[in-house]
2 protein chains.
Amino acid sequence: MTRIGIVGYGNLGKGVEAAISKANDMELKAVFTRRNPDNVNIKTPNVNVYSLDDAANYKNDIDVMIVCGGSATDLPTMTPAIAKDFNVIDSFDTHARIPEHFANVDSAAKAAGKTALISCGWDPGMFSLNRLYANSILLDGKDYTFWGKGVSQGHSDAVRRIEGVVDARQYTIPVDAALEKVRNGENPELTTREKHTRLVYVVAAEGADKAKIEKEIVEMPNYFSDYDTTVNFITKEEMDANHAGLPHGGCVIRTGVTGFNNENKHVIEYKLTLDSNPEFTASVLVAYARAVDRMNKKGDTGCKTVFDVAPAMLSPLSGEEIRAHML
Amino acid sequence: MTRIGIVGYGNLGKGVEAAISKANDMELKAVFTRRNPDNVNIKTPNVNVYSLDDAANYKNDIDVMIVCGGSATDLPTMTPAIAKDFNVIDSFDTHARIPEHFANVDSAAKAAGKTALISCGWDPGMFSLNRLYANSILLDGKDYTFWGKGVSQGHSDAVRRIEGVVDARQYTIPVDAALEKVRNGENPELTTREKHTRLVYVVAAEGADKAKIEKEIVEMPNYFSDYDTTVNFITKEEMDANHAGLPHGGCVIRTGVTGFNNENKHVIEYKLTLDSNPEFTASVLVAYARAVDRMNKKGDTGCKTVFDVAPAMLSPLSGEEIRAHML
């Protein structure tokens, strides 16, 4: 059994707990929180919640810690700190800061003889893997990534900060016509506006100026101004009834040519359609936690990414079984 | 530079030659043939064609041999024999015999300190990888593989053996309604007939009994009797003009659920649309040849499959570059 610790019990941490319940070879050993542990009620029977400050006391009881914190402020310090005592895995997704985060986690993990894996999930994660495989196979080609239809939590939060907004949910939607061109191998050059539209549901405060809210949304720089955005005002009841989930997904497509005269065209597409973004991300983290444990037991220490993990390491099945049934 | 040797110069061998021409870090060193080398004209300038019998003379000049032979009779003996002198890679696709082939190649490669990789391409190969990744992430789910639209060379050959048939091309076509149900997460149980149809173009000999040919095709056990098959008789000119290519493709789909009450559904799909089956297969082989060379230089010997290769090993780029640009 691989013994897992969860750090942080928000949507992602809960998803990790649910994913562990599906794995016969894994066991949730403890949940660690920065809140008062007495106020954190988890679903798995007979598993304790501890203060994160006391985590080091349990270093011999846990094979891999899965850190379910935010990329902006939590993970840059938490993952290297935890790597001093534990094998560790996170879903750090601030692309521009990955080299720096990698270096920090690598030095902590190497010094402690631990194995760490950062930026795991679906993007970064499975989408990254598919970009790498497709680029390695079709050396002469072009990459496209589309996201959605799905809820962007960052964009939803940005709308919620507008005055007069009680609640908001933002869906990112890929433009069908653009996707069609890419899948046909037309290799289009696409602007931001041509790839995705944004759809926002807003619950406005009573008496709020809806026209002003809509204007603030569609003109918001970075978040909305480069997109065609539709704003729908709905009631709190409609929001709770129809927009409680966190669906997401998207696709990575590479088109390329082969042949001495580039005469043959190929399209590789990897597509995810997810009812629950956090539960799917968590399922990826748990599969990679299995690999991290195995890599550490083989003496392979330091910081890794999904690129460094042989696929067989992810499976609960043996090499013979996967060759016989999946090859 | 990784120095490549090609064994066998049919469609696949020619595809490997074309794929090497796209790779800046790889070099075609020689082609080996069982035919008279004087009769084999290759496209790459200043590269020699040798008799396969003389291959061992070039063992210090070649980093990886890519064996482009048939799975039925060539590869079971050729790959283990070549593994005595070279790192080697093949596309062995007789699923039931993979464990036996793996064992034979493994013992030859280990004894010689060489690295071998078998059953590489897209199915087995990229499809296998996607089955493994998706199964490791969604432990509670169901797998589907659809092939086509594409030319099945085995089925085309089977039709060509019928009396009165001059030429034939068989297309395997996935049934849209079945695909739709799978993509919707309906988890259908599908019979062979419900998943694929078969479309056959036949050039009949003058005076041949077309009704008899059609009956022989649609009733042929194993190949056609379990499918809805359409037979179209066409002229030799039409065959040459419209059916000269070898397109193929298909998709691997896994649907699964997460959550303590299985409340969230997810669909993972990997899809290939290929103008040239042999050139795409060859492009996968060449990417894995890069990995085989690197694994051997690290001392990782014996027989491998795509499951054992860390994705980063496939890329001509460095770890820093792929983390910065693809993660």
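**Looking at the overall build of chain A**
No. 1: The secondary structure content of chain A amounts to eleven helices and 14 strands.
No. 2: Principal-axis analysis of the C-alpha atoms places the extent of chain A at approximately 65 × 60 × 35 Å.
No. 3: A total of 327 residues make up chain A; the buried ones form 57% of that total.
No. 4: Carbon together with sulfur atoms contributes 44% to the accessible area of chain A, which is approximately 13,600 Å² in total.
No. 5: Looking at chain A, you have 36 positive and 44 negative side-chain charges, and the mean spots of the two groups are 3 Å apart.

**Regarding the relation of the copies chain A and chain B**
No. 1: For the pair chain A and chain B, the superposition axis carries a translation of 0.0 Å, the fit reaches an RMSD of 0.0 Å, and the rotation angle comes to 180°. Seen this way, the second copy is the image of the first under a two-fold rotation axis. Among all residues of chain A, the one whose C-alpha sits closest to the rotation axis is Ala 310 of chain A, at a distance of 2.0 Å.
No. 2: When the interface residues of chain A are mapped onto chain B, 100% of them are again interface residues, pointing to one common binding face.

**Points about unusual backbone geometry**
No. 1: Cis geometry marks the peptide bond from Asp 123 of chain A to Pro 124 of chain A; its omega dihedral reads 5°.
No. 2: Mapping Pro 124 of chain A onto the fold places it in the loop between strand S6 (115–117) and helix H4 (126–137).
No. 3: Phi at Asn 222 of chain A is positive, roughly 70°, even though this residue is not glycine.
No. 4: One can find Asn 222 of chain A in the loop between helix H8 (210–218) and strand S11 (228–233).
No. 5: The class for Asn 222 of chain A is exposed, based on a relative accessible area of 68%.
No. 6: A positive phi is found at Asn 46 of chain B, a non-glycine position, where the angle reads about 60°.
No. 7: Tracing the backbone shows Asn 46 of chain B in the loop between strand S2 (26–33) and strand S3 (48–51).
No. 8: Overall, Asn 46 of chain B belongs to the exposed group, its relative accessible area being 82%.

**Considerations on the pattern of salt bridges**
Residues and elements named next belong to chain A.
No. 1: A complete count under the given rule lists 42 salt bridges over all chains for this structure.
No. 2: Between Asp 143 and Arg 254 there is a salt bridge whose closest N-O contact spans 3.0 Å. Residue Asp 143 is located in strand S7 (residues 141–147), and its partner Arg 254 is located in strand S12 (residues 248–258); the two are separated by 111 residues in the primary sequence.
No. 3: For Asp 143, a relative accessible area of 35% corresponds to the partly exposed category.
No. 4: Asp 167 is the salt-bridge partner of Arg 169, the closest N and O atoms lying 3.6 Å from each other.
No. 5: Note on Arg 169: relative accessible area 11%, which makes it buried.
No. 6: Residues joined by salt bridges that share partners form a network here, namely Asp 157, Arg 160, Asp 167 and Arg 169.

**Points about the sheet that holds S7 of chain A**
No. 1: Read from one edge of the open sheet, six strands run S7(A)-S12(A)-S13(A)-S13(B)-S12(B)-S7(B), paired in antiparallel fashion. The sheet is open, and its two borders are formed by S7 of chain A together with strand S7 (141–147) of chain B, each paired with just one other strand. Strand after strand, the sheet turns through a mean of 10° between neighbouring axes, direction not considered.
No. 2: Across seven bridges, S7 of chain B lies against strand S12 (residues 248–258) of chain B in antiparallel orientation. The residue of S12 of chain B that forms the bridge with Trp 147 of chain B is Gly 250 of chain B.
No. 3: The strands touched by H4 of chain A within the sheet are S7, S12 and strand S13 (264–274) of chain A together with strand S13 (264–274) of chain B, with S12 of chain A carrying the most contacts at an inclination of about 5°.
No. 4: Across the sheet, helix H10 (residues 277–297) of chain B is in contact with S12 and S13 of chain A together with S12 and S13 of chain B; its angle to S13 of chain A comes to roughly 70°.

**A word on the interface of chain A and chain B**
No. 1: The interface is formed by 67 residues belonging to chain A together with 67 residues belonging to chain B.
No. 2: Summed over both sides, the interface of chain A with chain B buries roughly 5,900 Å², with 67% coming from carbon and sulfur.
No. 3: Of all residues in chain A, Lys 22, Phe 260 and Leu 327 of chain A give up the largest surface area on contact with chain B, accounting jointly for 15% of the area buried on that side.
No. 4: Counting across the interface, chain A meets chain B through two salt bridges.
No. 5: Linking chain A with chain B are 24 residue pairs in polar contact (both at pLDDT 80 or more), by the criterion used here.
No. 6: Mapped by element, the contributors of at least two residues to the side of chain A that touches chain B are helix H1 (11–21), helix H3 (98–112), H4, S12, S13, helix H10 (277–297) and helix H11 (319–325) of chain A.
No. 7: Element by element, the count of residues in the side of chain A that touches chain B is highest for S13 of chain A, at eleven residues.

Thresholds, definitions, all that
- Here the residue numbering is sequential within each chain, running from 1 through the sequence in written order.
- Whichever chain is written first becomes A and whichever ligand is written first becomes 1, with later ones labelled in order.
- For this predicted model, a pLDDT threshold of at least 70 governs which residues receive local features, and a threshold of 80 or more governs which side-chain atom pairs are given and counted, while totals over whole chains, interfaces and linings are taken from all residues.
- The basis for the side-chain values is all heavy atoms of the structure; hydrogens and waters are excluded.
- Helical segments are the DSSP runs of H or I of at least four residues, strand segments are the runs of E of at least two, and each set is numbered from the N terminus.
- A 1.4 Å probe rolled over the protein chains alone gives each residue an accessible area, and that area as a share of the maximum for its type sets the label: buried under 20%, exposed over 50%, partly exposed in between.
- Calculation of accessible area relied on Shrake-Rupley with a 1.4 Å probe; when residues are assessed, cover is drawn exclusively from the protein chains displayed.
- For the purpose of charge, His is not counted, nor are the chain termini; Lys and Arg are scored as positive and Asp and Glu as negative.
- For charged residues, the charge sits on one atom: NZ in Lys, CZ in Arg, CG in Asp, CD in Glu.
- Least squares is the method for superposing the copies, and the C-alpha atoms it fits come from residues with pLDDT of at least 70 in both.
- Only heavy atoms enter the contact rule, under which two residues are in contact if any of them lie within 4.5 Å.
- Throughout this description, the term salt bridge denotes a Lys or Arg side-chain nitrogen within 4 Å of a carboxyl oxygen of Asp or Glu.
- The rule for pairing is simple: two strands pair if DSSP sees at least two bridges between them.
- Angles run from 0 to 180 degrees between N-to-C directions of axes, and those axes are lines fitted to C-alpha atoms, restricted for helices to the stretch in contact.
- Buried area: the accessible area, evaluated with a 1.4 Å probe, that two parts lose upon being put together, summed over both parts.
- Polar contacts, as counted here, are pairs of nitrogen or oxygen atoms within 3.5 Å of one another; within protein the pair requires one atom able to donate a hydrogen and one able to accept it, and residues that are adjacent in sequence qualify only if both atoms are side-chain atoms.

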